[in-house]
Amino acid sequence: GKETGYRADLHSRDWTLECYVKAIATNLTGYLVDLPGGPPPPAPQRAFACRMWLSNSVPVVTFYTVGGYPYTVSGLAIPTNAWVHIAGVWNHGLNSLALYVDGIFIQEQRVYEECVTSRTYSHTNNPTIGRSPDTSFVNQVYLDEVRIWNLARTADEIESNRTVMIEQDAAGLVGYYRFDDGGE
């Protein structure tokens, strides 16, 4: 996986994580986008604040609340050998954690506590993209157009922008990894 280095601007009260993923095999488990976080010591450090990942090829979005409770939404297994757009959105104003696949709303969970990303905590782990602890991602997963926003994108914004390249100075865009040859 690619480590991006600690950046305080990746911690936000609202956020959207997006990427295209192409699975070459089935039953893949690993982190598409993994943002570390948690309260500083002496409180126990969590490995992540929010994460968009695959669990046996099922897209999942998970985050921890300030109180230390994990919340998760998930979909159905993605197909092999096809590009699929996945987006996870946390909107604190709506108390909503939502998952979209190919621009279609899949699942939402109501959460009545702040996400830990609303606090800027230094963490010893760097944000990562495309990491698989069990190595099932190695040569089996392709990622493209990874986008990290410090705002909650709407369903219309996700659908209308998922197939186009975004301007790198777009409002709220704090991480953009295109992975195209010759890109920056």
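Residues numbered from 1 in each chain as written. Predicted model: local features only at pLDDT ≥ 70, side-chain atom pairs only at ≥ 80, totals over all residues. Heavy atoms only, no water.

K.L.:
Please explain the sheet that holds strand S12 (residues 173-177) as it appears in this structure.
P.N.:
Pairing between the strands of a sheet comes from backbone hydrogen bonds, and it takes one of two forms, parallel or antiparallel. An order of S9-S8-S7-S2-S11-S12 is seen for the 6 strands of this open sheet, with the pairing classed as antiparallel. Lying at the two open borders of the sheet, with one neighbouring strand each, are strand S9 (104-110) and S12. Adjacent strand axes in the sheet meet at a mean angle of 15° when their direction is disregarded. Direction of pairing for strand S11 (residues 141-149) relative to S12: antiparallel, over a ladder of 4 bridges. By the bridge assignment, Ile 148 is partnered in S12 with Gly 175. (Pairing = 2+ DSSP bridges. Helix = DSSP H or I, 4+ residues; strand = E, 2+ residues; numbered from the N terminus. Axes fitted to C-alpha atoms, helices over the stretch in contact; angles between N-to-C directions.)

K.L.:
Explanation requested: the environment of Leu 151 in the structure shown.
P.N.:
Within the element layout of this structure, Leu 151 appears in the loop between S11 and helix H1 (155-161). Sequence-wise, Leu 151 and Val 174 are 23 residues apart; in three dimensions their C-alpha atoms are separated by 9.6 Å. If near-sequence neighbours (up to four positions away) are discounted, Leu 151 is found in contact with Asp 14, Trp 15, Thr 16, Ala 171 and Gly 172. (Contact = heavy atoms within 4.5 Å.)

K.L.:
Just checking my understanding: could you explain the nonpolar core for this structure?
P.N.:
General note: in soluble globular proteins, nonpolar side chains tend to be found buried as a group. Counting 32 residues, the largest nonpolar core has Trp 15, Val 21, Leu 32 and Ile 86 as the members making the most contacts within it. Taken together, the elements giving at least two residues each to this core come down to strand S2 (15-23), strand S3 (30-35), strand S4 (50-55), strand S5 (58-64), strand S7 (83-91), strand S8 (96-101), S11 and S12. With 5 residues, S2 is the single largest residue contributor to this core. In contact with Ile 86, not counting residues within four places along its chain, are Leu 17, Glu 18, Cys 19, Val 21, Leu 32, Met 52, Leu 54, Pro 59, Ile 78, Leu 99 and Tyr 100. (Core = buried A, V, L, I, M, F, W, Y, C linked by side-chain atoms within 4.5 Å. Buried < 20%, exposed > 50% of the residue type's maximum accessible area, 1.4 Å probe, protein only.)

K.L.:
Explain the side chain of Thr 65 to me, please; I cannot follow it from the model alone.
P.N.:
Structurally, the position occupied by Thr 65 is in the loop between S5 and strand S6 (70-74). The exposure class of Thr 65 is buried, given its relative accessible area of 0%. Within the structure, the side chain of Thr 65 is placed 3.1 Å from the side chain of Glu 113, a separation counted as a polar contact. (Polar contact = N/O pair within 3.5 Å; in protein donor to acceptor, adjacent residues only side chain to side chain.)

K.L.:
Please clarify how unusual backbone geometry should be interpreted in this entry.
P.N.:
One can expect most non-glycine residues to show negative phi and most peptide bonds to be in trans. Phi at Ser 57 takes a positive value of approximately 70°, unusual for a residue other than glycine. Positionally, Ser 57 belongs in the loop between S4 and S5. On the accessibility criterion, Ser 57 (3% relative accessible area) is buried. The phi angle at Thr 135 is positive, at roughly 65°, despite the residue not being glycine. Summarising the element assignment, Thr 135 is placed in the loop between strand S10 (128-131) and S11.

K.L.:
Sorry, what's going on with the pattern of salt bridges here?
P.N.:
A side chain of one charge can pair with a side chain of the opposite charge if their charged atoms are brought near each other. Taken as a whole and judged by the stated rule, the model has 7 salt bridges. Between Asp 102 and Arg 162 there is a salt bridge, with its nearest N and O atoms 3.8 Å apart. One end of the pair, Asp 102, is in the loop between S8 and S9; the other, Arg 162, is in the loop between H1 and S12, and 60 residues separate them in sequence. Where Glu 159 meets Arg 162, a salt bridge forms, and the shortest distance between an N and an O atom there is 3.0 Å. Judged by relative accessible area, which is 37%, Glu 159 ranks as partly exposed. Connected through salt bridges with shared partners, the residues Glu 18, Glu 145 and Arg 147 form a single ionic network. (Salt bridge = Lys/Arg side-chain N within 4 Å of Asp/Glu carboxyl O.)

K.L.:
Is there a simple way to explain the pairing of S7 in this structure?
P.N.:
Within a regular strand, the side chains alternate between the two sheet faces. Of all the 9 residues making up S7, 7 are buried; the element is thus mostly covered by neighbouring parts of the structure. In this structure, S2 lies alongside S7, joined through 8 bridges in antiparallel fashion. Across the sheet, Lys 22 pairs through a bridge with Trp 83, a residue of S7. Relative to S8, S7 runs antiparallel, the two sharing 6 bridges. Bridged to Ile 86 within S8 is Val 101.

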